[in-house]
Structure formats: C-alpha cells, structure tokens
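# Summary of structural features
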Amino acid sequence: MIGSLVSACIRIVRPAYLPASRAAARMWDRRLGIMTGDEDVARELRRARGEDRLYSFGAISYLGMRRLMRRLEPTRKDVLLDMGCGAGRATCVAAQYPFSRVIGIDIDERLCALAQHNARRLRRCTVRPEIVHADATTYHVPDDVTVVFLYNPFRGEVLESALTRVLESFDRKPRRLRLAYANPREHALVESMRRFRAAETLWLSWRPEAAWHRTKVVQFYEVEPADSRGQRTVPDGGCLQQQALAENIHPAFFLAATCNVFDYFITH
C-alpha cells in the first residue's frame, strides 16, 4: 500500500519538478548574464550547426554547485579544472568563489565557444574563467590545479585516460589534489586506478529513485602518491554504500524528497 502510494507520488512530483528546475536555471542564467540551460544550449547548437537533430545535455544544478563549493571551501591558493565543462555553468559558478584560477575544457568546439561567451559575459565573478578547447585524454593538466571537477562527462577508457593526465600532473608536482566527481557512475573504475582515495560523499539533495538520486551525489577523492597504492583503504560511508542505500530506500524517506523540492524553490 505504502509502496504504491510512494510510486504514485513520484509520478506526480518528478514531472512537476523538472520544468520548475529548468525555470530556476534560466532565472540564475539571467542573473549571471549567461546561457547554460540544457534546452537553450541544445537549441543554440542546432542553430549554429544548421541541423534539425536533437541534442541532450545535462549540467549540475546551481543549488548543487553552490553546495559543492561550500564543501570545498576554496582559497586563493586553489585552482579548479572542470573537465568536460560544456557550456560552462559549473565553471562560471566556481568563478564566483575565491579560486586563483578556474579552467574549463571541452572537446566540442561549439560548446567551447558558448562557454567562452558565457565567461566573457559573467557578472559578479572573483576571477574570469579560462575556457580551453581540448581533448581531456591528451590535455596537459596544469601543475597548479588543486581541484578537478567532473559531472559524469565521459565513461570507460576516456575517463581513465583523462584521470591519468591528472595523475601525471600530480607526479610532476606533488600537492594536495582533490577530485570532485558528481553523478559518479564510474566510481568502481576510479577506485580500480588505486591512486584516488575515496574521502567523503556529499548528497546535494535526496531523491526517491536510485538512478535519479545518483545524479544528486558527489564523491570526493584525494590523489595519493604512487608508492602508497598498497596501503589504500576504502573509508566507511563511501559512494558504494550511498548507492546501496538509494537502491533500497525506505518509503518513509519520501518526505525528504518532497522537502527538497520546497528547498529548491526557497533557495532559488
């Protein structure tokens, strides 16, 4: 009975939440003077390329990115690299925080052009974002980068190659280097590289379905020296446990999902 009620509520809340989320993103875009909404970006790409095909994009929410920034607590000694920056929403939000540099890279030339346009128009930034047209699998990661952000931009061998470039930068200049991986579909792959220690998990907000909930999770990792690979341990409360909880969620927690919807509107 309760399970059926929860399923019915999900079918009602989710279709209503998604349009509201898009409207909130457009409002924040206008406030910052940029254009990063999924539908707006897709429409711009179709027009620029003279195509009728549909494009599908996904950017982290403004609320989620701000929560991520508060958890990172950046200082002027920090440099953020957004791998697979798309139209640059995360890059532009990060540029409002006290980083010394914020860099976004993407392999799509037109997306880079949009991100560069957004970076130029961005209001209220502490540092002007740098947008680079580059392939993450071959990109020379600057040796001053201290935070690498990913919003599930690539999978499999591409992700492994991109993270190898990050490790090469760390090995050239050992330092504290954190990886913030949102929607961590390839957590197992990252763990298998044995150089990224799962540090903590941030729930940006709660959702009642496993697949939907995972998009609201950020897994943090600390890069470790090559000679510490044999001493690694997986901490309690890691990403895999969070995913297991999401897949076996109790119906009573549906109230939390409803509260998150209200939280979204209040904070926007």
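The structure this text deals with has already been given above.
If you're wondering where the values come from, they're calculated on a predicted model, not measured in any experiment. (Residues numbered from 1 in each chain as written. Predicted model: local features only at pLDDT ≥ 70, side-chain atom pairs only at ≥ 80, totals over all residues. Heavy atoms only, no water.)

### A few points about unusual backbone geometry
The residue asparagine 152 is not glycine, and still its phi comes out positive at about 45°. Non-glycine residue arginine 194 carries a positive phi angle of around 60°. Note that arginine 194 resides in the loop between helix 7 (187–192) and strand 6 (196–203). Arginine 194 gets classed as partly exposed once you look at its relative accessible area, which sits at 40%. (Helix = DSSP H or I, 4+ residues; strand = E, 2+ residues; numbered from the N terminus. Buried < 20%, exposed > 50% of the residue type's maximum accessible area, 1.4 Å probe, protein only.)

### A few points about the sheet that holds strand 3 (residues 130–133)
If you trace the seven strands from one edge of the open sheet to the other, you get 3-2-1-4-5-7-6, paired in mixed fashion. Of all the strands in the sheet, the pair left with one neighbour each is strand 3 and strand 6. The average undirected angle you get between the axes of adjacent strands in this sheet is 20°. Across the face of the sheet, helix 3 (residues 62–72) comes into contact with strand 1 (79–83), strand 4 (147–151), strand 5 (178–182), strand 6 and strand 7 (217–223) while running at roughly 130° to strand 6. Strand contacts of helix 6 (residues 156–172): strand 1, strand 4, strand 5, strand 6 and strand 7, with the helix running at about 175° to strand 4, the strand carrying the most contacts. (Pairing = 2+ DSSP bridges. Axes fitted to C-alpha atoms, helices over the stretch in contact; angles between N-to-C directions. Contact = heavy atoms within 4.5 Å.)

### What to know about the pairing of strand 3
Relative to strand 3, strand 2 (residues 101–106) is paired through four bridges, and the arrangement is parallel. In the strand pairing of strand 3, isoleucine 103 is matched with glutamate 130. On the question of chirality, the crossover connecting strand 2 to the parallel strand 3 by way of helix 5 (residues 109–121) is right-handed. (Right-handed = clockwise from strand over helix to strand, strands pointing away.)

Bear in mind that shape data such as this cannot, by itself, settle questions of function.
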